[in-house]
Amino acid sequence: MTHSKKSLKRTLFCTNLLFASFACHLSAFAGVAGRGVDPSVLEANASGPGAYTDGASALTATTQSAASAAGQAMNQTAGSQAMTAATQPAAAGSTTNASSVSGTPTTVPASSQAVFPAAAAGSTPTTSVSSAPTGVPETQPVQELLPPTEDEIANYFQGAYVTGDSVAYGFQLYANRQKAGSAILQNLGFLTRGSFSAHNAFMAISKKSVHPTYQGAQHHIWDSLQLVGAKHVFMFFGLNDLNIGGVDSTVDYYVRLINQIRAQNPDIAFTIISTTPMYQGSEKGKLTNANIDALNARMQALCAENGWGYLDIASHLKAANGTLAAQYCSDHYVHETNAAYAIWLQCFHDYAQEKLIAEKLAAQTKA
């Protein structure tokens, strides 16, 4: 009987010891979970240098990682948006830990949030990722964008040449008369000739051809532009082209000419000057104001598609009925007065100003 009692006591003792051991394991597990360690964070940390053995040390390390990353982001404007997103609250039902090793926020399921002591009302977490810097830089003052100076506008036309027909040649004559009072006209070059067109630009050079001359001799325009070292060409065609083949043919020859010029001058910039209108009642054949408008619309669209400039002068010379206004017409046909060419000069000025402002804005944005 004494032996049975001793055996029973020994069995009870072992059983109590087993329960006590199991209770200790449960307590330990609850303590680790109570520190709010996401299993995915533990897994991520374990894959890095020096796997962590304790949930608290894992959270401390990841919090330090978040603070370090946030500090770097404050010095990098591009990174600030990503860090801001990482520190914002997650969608309803989850919270975000911004300190996973990969830099991607770790989402803690709502079912696990109950083990966070900080979840209780009025409590303060011992260790919180939200204590890391937010990474949102202070608002920087926007630098004032100064308009281009008149010298900058004039210098825009260094290496620029106008090529075209008799109307463009009229602008050349105006420039020769007004050059002393205009820095733009002092810089702008000309390769123009009466009856020149996109079509006959491809004619063989002869006594009958009408190519612009350079140093007393005719050259194809792509060769002339290379000889003068042109950096930018302003092209004015259409009035001698429309009657040859209409709008479609004129557009085709315009594009063909541009490609030929580019082949000989690969770094040159192109700007198309809108074809100016005709005086009321002077239209003939395919050379009409309706076709001029259609040509301008087609060329403006091609400029937008190909990155060429488009300089609109035509709309500034029109009367209310869409024809060339009387004060701007010199011959009741297509040729223009000094008043018209004064508008040409202003349009060139405003075009350069617009381009320079765009360049400054692009540079400021890039900086």
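That block above? That's the structure.
Residues numbered from 1 in each chain as written. Predicted model: local features only at pLDDT ≥ 70, side-chain atom pairs only at ≥ 80, totals over all residues. Heavy atoms only, no water.

**Section: the nonpolar core**
Then, in step 1: Counting 69 residues, the largest nonpolar core has Met235, Trp344 and Phe348 as its most contacted members.
Then, in step 2: Looking at which element gives the most residues to this core, the answer is helix 11 (residues 338–366), with 10 residues.
Then, in step 3: Contacts of Phe348, omitting those with residues within four sequence positions, involve Phe157, Val162, Phe171, Leu188, Phe234, Ile273, Leu311 and Ile313. (Core = buried A, V, L, I, M, F, W, Y, C linked by side-chain atoms within 4.5 Å. Buried < 20%, exposed > 50% of the residue type's maximum accessible area, 1.4 Å probe, protein only. Helix = DSSP H or I, 4+ residues; strand = E, 2+ residues; numbered from the N terminus. Contact = heavy atoms within 4.5 Å.)

**Thoughts on the packing of helix 9 (residues 242–264) against helix 10 (residues 289–306)**
Then, in step 1: As a packed pair, helix 9 and helix 10 sit with axes 10 Å apart at the nearest point and diverge in direction by 10°. Classed by the angle they form, the pair helix 9 and helix 10 counts as roughly parallel. Counted together, Leu242, Val247, Asp248, Thr250, Val251, Tyr254 and Val255 of helix 9 and Asn291, Ile292, Ala294, Leu295, Arg298, Met299 and Leu302 of helix 10 form the full contact between these two elements.
Then, in step 2: Its residues placed into classes, the contact of helix 9 with helix 10 shows 10 nonpolar, 2 polar and 2 charged. (Axes fitted to C-alpha atoms, helices over the stretch in contact; angles between N-to-C directions. Parallel < 35°, antiparallel > 145°, perpendicular 65-115°, else oblique. Nonpolar A, V, L, I, M, F, W, Y, C, P; charged D, E, K, R; others polar.)

**Structural notes on the pairing of strand 3 (residues 160–164)**
Then, in step 1: In terms of burial, strand 3 is a largely internal element, 5 of the 5 residues being buried.
Then, in step 2: Burial along strand 3 is two-sided: the face carrying Ala160, Val162 and Gly164 and the face carrying Tyr161 and Thr163 are both buried.
Then, in step 3: Pairing between strand 3 and strand 7 (residues 232–236): 5 bridges, direction parallel. The partner of Ala160 across the bridge, within strand 7, is His232.
Then, in step 4: Sheet analysis places strand 3 next to strand 4 (residues 189–192), joined by 4 bridges and oriented parallel. Residue Tyr161 lies in a different strand from strand 4, and its bridge partner there is Gly189. (Pairing = 2+ DSSP bridges.)

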